[in-house]
Amino acid sequence: MKYSKIYFDDVKVGDELPPLVKGPIQQIQLTRYAGASGDFNPIHQDDEFARAAGMGGVFAHGMLSMGFVGQAVTDWAGATAVRKLGVRFAAIVRLKDIVTCRGRVLGKSSKDDVNLVELEVWAENQRGEKVVTGKAIVALPTRG
Amino acid sequence: MPIQLNKGVIGKESPPFVVTVERGKIKEFARALGDANPAYLDDRVGQASEWGDLVAPPTFMTTFRDGGDSGEFLRELGTDISRLLHGEQEFELFRPIRPGETFVCRSKVLDVYEKTGRSGPMGFVVRETSVTDNTNEVVALVRHITVVRL
């Protein structure tokens, strides 16, 4: 269940995060994200500019997709659980694309009362092509 | 002819800049992502939490900008905004951040290198920003790789 508390004890290697489906991506969301993030690169707003730059039209900020991946992780692990989130932007996200964020538990470790779970995370478009790939480390509480 | 990047920027540190986290900015950022988590949006949920206030989403520090002319760095590097793609991004977060907190951000260019991929010659600019709080504790390290289509 979304925002339910998850415990380190209950997590197993190979567990999958509930998929998070975002989109279809609309221009208004890119404009809104530009305002919220401060990234006003016209390549995400101005189709003519993006075509002249050889990109074939506007595309989404990579950081928007990374934000989606972050949401998939925090929906599962909690808003303050993330210790590390690192991604590579593998392919461009276009208008009308549907972005599905996924994750899988790679490993668990405990040291000095800190319980960490390492995750493989990624986002794919409606054709199943990976647009973001990366890893996350989250700290989780233990039972009792 | 592909453009040449100026490797002289390696090691260059930008002037430190100060940011104060605004309550409304956290909410605006979460809403722009379409993330309805009450930990970012509901003041009462924040106050009742162990952190005593709202917290920021994990990628929020992308909003930490110096407000200056980013074109100046690109000109020194030898390129312009139309050639840029975002290659990689990493946030290492040592604690949550909350509204009203003030941080100092220090950015440094760690590396500039070139590689030829499927879509031709590409430049890579690796930068790291440290974010420190008012007790001089590092609360986050942000690593960023910009790809330049040469």
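Residues numbered from 1 in each chain as written. Chains lettered and ligands numbered in written order. Predicted model: local features only at pLDDT ≥ 70, side-chain atom pairs only at ≥ 80, totals over all residues.

Draft legend 1. Highlighting the overall build of chain B. A count of helical and extended segments in chain B gives four helices and five strands. What you see in chain B, going N to C, is helices and strands ordered as β-α-α-α-α-β-β-β-β. A principal-axis box enclosing the C-alpha atoms of chain B has dimensions of 60 × 35 × 25 Å. Across the 150 residues of chain B, 26% fall into the buried class. Of the contacts made within chain B by residues no fewer than 6 positions apart, 66% connect residues no fewer than 24 positions apart. (Helix = DSSP H or I, 4+ residues; strand = E, 2+ residues; numbered from the N terminus. Buried ≥ 20, exposed ≤ 12 C-beta atoms within 10 Å, placed from the backbone. Contact = placed C-beta atoms within 7 Å.)

Draft legend 2. Representation of the nonpolar core within the structure. All names here are of chain A. Judged by nonpolar contacts, the single largest core of 59 residues is most densely connected at Phe68, Val69, Ala72, Val73 and Val138. Lining this core are residues from two domains, each supplying at least three of them: domain 1 (1–24 + 61–144) and domain 2 (26–59). With residues near it in sequence (within four places) discarded, Ala72 still touches Leu17, Leu20, Cys101, Gly103 and Val121. (Core = buried A, V, L, I, M, F, W, Y, C linked by C-beta atoms within 7 Å. Domains from an automatic or database assignment.)

Draft legend 3. Region of the structure containing the sheet that holds strand β5 (residues 138–149) of chain B. Strand order in the open sheet formed by ten strands is β1(A)-β3(A)-β4(A)-β5(A)-β2(A)-β2(B)-β5(B)-β4(B)-β3(B)-β1(B), with antiparallel pairing between adjacent strands. The open sheet has two edge strands with one neighbour each: β1 (20–22) of chain A together with β1 (17–20) of chain B. Within this sheet the neighbouring strands show an average axis-to-axis angle of 20°, counted without direction. Judged from the eleven bridges that link them, strand β3 (residues 99–111) of chain A and strand β4 (residues 114–124) of chain A form a sheet pairing that is antiparallel. (Pairing = 2+ DSSP bridges. Axes fitted to C-alpha atoms, helices over the stretch in contact; angles between N-to-C directions.)

Draft legend 4. Region of the structure containing the domain arrangement of chain A. Residue and element names in this part refer to chain A. Domains assigned within chain A are domain 1 (1–24 + 61–144) and domain 2 (26–59). Put simply, the middle of domain 1 and the middle of domain 2, counted by C-alpha atoms, are 26 Å apart. For the side of domain 1 that touches domain 2, the residue count by class is six nonpolar, one polar and one charged. (Nonpolar A, V, L, I, M, F, W, Y, C, P; charged D, E, K, R; others polar.)

Draft legend 5. Inspection of the environment of Asp46(A) at higher detail. Residues and elements named next belong to chain A. With respect to the helices and strands, the residue Asp46 is situated in the loop between α1 (27–37) and α2 (47–52). The exposure class of Asp46 is partly exposed, given the 14 C-beta atoms found within 10 Å. Residues Asp46 and Gly57, eleven residues apart in the sequence, show an inter-C-alpha distance of 8.0 Å.

Draft legend 6. Looking closely at helix α1 (residues 23–33) of chain B. Inspection of α1(B) places Ile26(B), Phe29(B), Ala30(B), Ala32(B) and Leu33(B) among the buried residues, and these make up the whole buried set. Buried residues in α1(B), looked at end-on, bunch into an arc of 160°, giving them a common side. In this structure, the buried residues of α1(B) make contact with α1 and α3 (62–77) of chain A together with α2 (38–41) of chain B. Two residues or fewer after α1(B) comes Gly34(B), characterised by a positive phi angle close to 75°. (Arc of directions from axis to C-beta.)

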